[in-house]
Amino acid sequence: MAKTVKTPAIVSSSSAGKHRYAGLRRKARSGEARLAKREHALTAQIEAGLFHKALKTCRQILRIQPDSIDHQRVQGQILLALEDYTAALALLEHVPACQLEIAYCCYKLGQVSRTADLLQHGEDSLDEGKARGLRLLEAQVRYKQGDYREALKLYEDLLESSDPASPEHEDIQNNLQACQSRLAFASSLPDHIANMSTPVEMLEATPIQSLIAQHPRYRPTQAPASIISLNAETNSQSSKLSKQPAVVKTPKLPAHIAALPPAERPAPDPERWLPKRERSTWQDNRAKREKERGKIKKKTASQAGLTQGSSASAPAAKPVNSANAKKKGSKGKRK
C-alpha cells in the first residue's frame, strides 16, 4: 500500500512579508523632520518661482513654528512677489526689521506721504542692499511729489554705484532722463507758470477745477451775454415742449369707412380680436365655399362624362399596314 506524502503549503513572498511586518507600525515623523522637509520644499519652490505653492508651504511651517520671525518675513516677501500689497503690509507691520518692505507696500498702495515719513528714519541699522533699496524708493517718491532736483541727485548717486551690466542700471538711466526732461520743461516756462506746478499726488487726488480756483491769480469769469441768452432760450423751448400734451394717435380706418361721417360709420366688429378661423363670419363663408366647391365638382364630373361618351361613339380609325405602304410607294421607282 502506497504511503501518502503531505506536501508543504506554498507561502508566497508577499504573504510572508505581511506576516513578517504585521506587528510593526510606521514611525511618526518628528516635528523637526517635518520642518526640515518643508523648509527644503520652500527653498526649491522659491527658486523655481512657484510663489503660490511657496506661500502654502510657508503657512504650513508657521503652523509648526508660529513665532518664527524669519518665516513671517519670508511670507511677506512672497506676498510682495505675488503683488498682494495689502496682505503683505498687514503682515509685515508686526514683523521687526521690515522697513523697506513696509515702505514699498505703502508706495505701491498710493500712500506716498506715509512712504516719505518711513524713509525719513536713519539707514544705520540696515545692510547695504536694503539701504540702496531705500534710496531708490526715496528717489521715486521725490519724483512723485514733484521734487525733481532731489530725485535727480539721488538717481545720479545710484547710477555711479550701479553695475552697467545689471538691469537696474538701465532703469536708473530712464528715471534720470525723466527728471532731466522735467527740469528742462520747468526752466523753459515763465516764473509765474512754473510756480503753479503742484505735486502729482495732489493732482491725482483732487479735481482740476478746485486746483484752478485755489490759485491766487484766479479770477472767475462770466459767460458773454449772447451765450447766456441762448441758453435761456433753449431752456424755455425745452420747457414748452415738455408742457405740450402728448399726441394720441387714432387707429387707421379703411378708405370707404373713413369717407363716411362719424355718425354713419358702422360699429367695429366685436370679434376683431379673435383669430379668423374662430369668427362666425368665417364659418359662414366656409359653408358657402364648400357648397360652391361641390357644385364645381359636379359640373366637372358631368363634363367628363360627356366627353367620354362622345369619344366612344366616334368610329375607330383603321390600322395602317406599314409593309403595304412601302410597297405602294416603291412601285413607281421600278424600271
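Analysis parameters
Residues numbered from 1 in each chain as written. Predicted model: local features only at pLDDT ≥ 70, side-chain atom pairs only at ≥ 80, totals over all residues. Heavy atoms only, no water. UniProt positions renumbered as here; feature names shortened; annotations may be inferred. Helix = DSSP H or I, 4+ residues; strand = E, 2+ residues; numbered from the N terminus. Axes fitted to C-alpha atoms, helices over the stretch in contact; angles between N-to-C directions. Parallel < 35°, antiparallel > 145°, perpendicular 65-115°, else oblique. Left-handed = near helix turned anticlockwise from the far one by under 90°. Contact = heavy atoms within 4.5 Å. Nonpolar A, V, L, I, M, F, W, Y, C, P; charged D, E, K, R; others polar. Buried < 20%, exposed > 50% of the residue type's maximum accessible area, 1.4 Å probe, protein only. Arc of directions from axis to C-beta. Phe/Tyr/Trp six-rings, centres within 6.5 Å; stacked < 30°, edge-to-face > 60°.

## A few points about the UniProt feature "domain: Signal recognition particle SRP72 subunit RNA-binding" (unreviewed entry) in the chain
Look at the UniProt record and you will see "domain: Signal recognition particle SRP72 subunit RNA-binding" (unreviewed entry) annotated at residues 249-282. Annotated as 21% helix and 0% strand, the span residues 249-282 places its first and last C-alpha atoms 30 Å apart.

## Topic: the packing of helix 3 (residues 51-64) against helix 4 (residues 69-81)
Contact geometry for helix 3 and helix 4: axes closest at 10 Å, N-to-C directions at 160°. The angle between helix 3 and helix 4 falls in the class roughly antiparallel. In this structure, helix 3 crosses over helix 4, and the sense of that crossing is left-handed. Between helix 3 and helix 4, the contacting residues are Phe51, Ala54, Leu55, Cys58, Arg59, Ile61 and Leu62 on the first element and His71, Gln72, Val74, Gln75, Ile78, Leu79 and Ala81 on the second. Residue composition of the contact of helix 3 with helix 4, grouped by class: 10 nonpolar, 3 polar and 1 charged.

## Some thoughts on helix 7 (residues 112-119)
Listed in full, the buried residues belonging to helix 7 are Val112, Thr115, Ala116, Leu118 and Leu119. Here the buried residues of helix 7 occupy an arc of 160° about the axis, which is enough to place them on one side.

## Structural notes on the environment of Glu101
The topology assignment puts Glu101 in helix 6 (residues 99-108). Those residues in contact with Glu101, other than ones at most four positions away along the chain, are Gln77, Leu80, Leu92 and Lys130.

## A word on the packing of aromatic side chains
All chains considered together, the criterion is met by 2 aromatic pairs. Here Tyr143 and Tyr148 contribute two aromatic rings whose centre-to-centre distance is 5.3 Å and whose plane-to-plane angle is 65°, an arrangement assigned as edge-to-face. The class of Tyr148 is buried, set by a relative accessible area of 16%.

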